[in-house]
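So the chains spell out like this:
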Amino acid sequence: MREIIFATGNEGKMREIRDILKGLTLGGEPVAVHSMKEAGIDVPIKEDGKSFAENARIKARAVAAASQKAIVLADDSGLEIDALNKEPGIYSARYLGEDTSYHEKNNNLLTRLALVPDEKRTARFVCAIACVLPDGRCFTQEATIEGRIGYEEKGENGFGYDPIFMVPDYGRSTAELSEEEKNRISHRGKALRAVRERLEELSL
Ligand code: ITT
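Below, the structure is looked at part by part. Numbers given to residues run from 1 along each chain, matching the order in which its sequence is written. Note on the predicted model: pLDDT of at least 70 is required for a residue's local features to be given, and 80 or more for side-chain atom pairs to be given and counted; whole-chain, interface and lining totals, by contrast, use all residues. Values shown for side chains rest on all heavy atoms present in the structure; no hydrogens or waters enter the calculation.

Take the layout of surface pockets next. In this analysis, the protein atoms alone were mapped onto a 1 Å grid. Cavities are point sets where a 1.4 Å probe fits without being able to get out; pockets are open sets with protein on both sides within 12 Å along at least five of seven lines; lining residues have an atom within 4 Å of a point. Grid points are joined across faces, edges and corners, and a volume is the space filled by probe spheres set on the points. Reported here for the largest pocket is a volume of approximately 670 Å³. Contributing to the lining of the largest pocket are 26 residues, with Asn-10, Lys-13, Lys-59, Ala-93 and Tyr-102 lying nearest its centre. Secondary structure elements are taken from DSSP: a helix is a run of H or I of four residues or more, a strand is a run of E of two residues or more, and numbering for both begins at the N terminus. Elements with a contribution of two residues or more to the lining of the largest pocket: strand 4 (71–81) and helix 5 (187–201). Here the lining of the largest pocket gets three residues from one element, more than from any other, and that element is strand 4. Under the convention adopted here, Pro, Cys and the residues Ala, Val, Leu, Ile, Met, Phe, Trp and Tyr are nonpolar, Asp, Glu, Lys and Arg are charged, and Gly plus all remaining residues are polar. Here the residues of the lining of the largest pocket sort into nine nonpolar, eight polar and nine charged. If you add up the space inside the second largest pocket, you get close to 160 Å³. Residues of the lining of the second largest pocket, tallied by class, amount to two nonpolar, four polar and four charged.

Laid out in structure tokens, this is it:
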């Protein structure tokens, strides 16, 4: 059994990640995907990068340094709203303070967009996945999903900003999609499937 350690403390991300990496094998062996907590790793991580990719690399490298030559992946992601100059962007988790609920964060963004017409409510989720291999090599993969900010919170699935992120083709928020539907089209689904393919090609 091989092991991938995912450098995240976010349970919502971890649920999606497990689903997207389901059935992965490397060198013919099944792969167990563990969160850093499950792997017993607790290291301070200072996310002071200037981009999603940089922050993903910081997280992956910090956990790789504390692990025994495992494959380590990390996800840095966030919401860019065009009418707000791409806020909250890389500060998505810290927007209005880390301890503020997503209900408050979402409603604050909706209030700030109150006078913005539909065609200008464009936004995207961005996800950068960094991978550190046991030999220290590192690569990063980034992907996005385009959408629009709605007018109220909708749906109970997903996490974070999902209730206000509308997917035009579906006419629903990402919190109204099933996990399978979201993973098929999401920033995280696209970036992580590309990483999965690269790992499968590397014959590790
Ligand atoms: P880790 O760093 O431990 O992985 P985190 O929650 O701090 O967890 P980030 O720094 O990457 O993660 O911040 C991501 C932010 O973007 C966070 O506020 C999420 O709620 C939001 N976000 C990212 N992907 C999302 C998604 O698929 N749906 C809703 N919100 C999302």
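Right, let's talk about the packing of aromatic side chains for a bit. Stacked, tilted and edge-to-face pairs are distinguished by plane angle, under 30 degrees for stacked and over 60 for edge-to-face with tilted covering the rest, among Phe, Tyr and Trp rings (Trp via its six-membered ring) whose centres lie within 6.5 Å. Taken as a whole, this structure holds two aromatic pairs when the rule is applied. Measuring from centroid to centroid gives 5.2 Å for Tyr-102 and Tyr-161, while their planes differ by 85 degrees, and the two rings are edge-to-face. Of this pair, Tyr-102 sits in helix 3 (residues 102–112) while Tyr-161 sits in the loop between strand 7 (138–149) and strand 8 (165–167); the two residues are 59 residues apart in sequence, bridging distant segments of the chain. Owing to a relative accessible area of 5%, Tyr-161 belongs among the buried residues under this scheme. Taken together, a centroid distance of 4.4 Å and an interplanar angle of 35 degrees make the contact between Phe-125 and Phe-165 tilted. Only protein chains enter the accessibility calculation, which uses a 1.4 Å probe. A residue is then buried if its area is under 20% of the maximum for its type, exposed if over 50%, and partly exposed in between.

What follows deals with the site of the ligand. We call a residue near a molecule or strand whenever a single non-hydrogen atom of that residue lies within 4 Å of it. Around the ligand, a shell composed of 21 residues is seen, among which Thr-8, Lys-13, Lys-59, Tyr-102 and Lys-182 lie nearest. Between the ligand and the protein, one listed contact pairs an oxygen atom with a side-chain N or O atom of Asp-76 at 3.3 Å. Accessible surface is estimated by sampling points in the Shrake-Rupley manner with a 1.4 Å probe; for residues, cover comes only from the protein chains shown. About the coverage of the ligand: the protein hides 92% of its 620 Å² of free accessible area. Going through the elements one at a time, strand 4 and helix 5 are the ones with two or more residues in the shell around the ligand. With four residues, strand 4 is the single largest residue contributor to the shell around the ligand. Here the shell around the ligand is composed, by residue class, of five nonpolar, eight polar and eight charged. Definition of a polar contact: a pair of N or O atoms within 3.5 Å, with one able to donate and the other able to accept a hydrogen when the atoms are protein atoms, and with sequence-neighbouring residues admitted only if both atoms are side-chain atoms.

Before going further, it helps to spend a moment on the pairing of strand 1 (residues 2–6). In short, DSSP must find at least two bridges between two strands for them to pair. Sheet topology note: the strand 1/strand 3 (residues 29–35) ladder contains five bridges and is parallel. If you follow Ile-5 over to strand 3, its bridge partner there is His-34. For strand 1 and strand 4, the ladder comprises three bridges, and the chain directions are parallel. Bridged to Phe-6 within strand 4 is Leu-73.

Every disulfide links exactly two cysteines, by a covalent bond between their sulfur atoms. By convention in this document, the label disulfide applies to cysteine sulfur atom pairs within 2.5 Å. Scanning all chains against the criterion turns up zero disulfides. In this structure Cys-127 is not part of a disulfide, and its nearest cysteine sulfur, from Cys-131, lies 13 Å away. In this structure Cys-127 comes out as buried when scored by relative accessible area, which is 0%. Cys-138 supplies the cysteine sulfur nearest to Cys-131, a cysteine that is in no disulfide, at a spacing of 7.2 Å.

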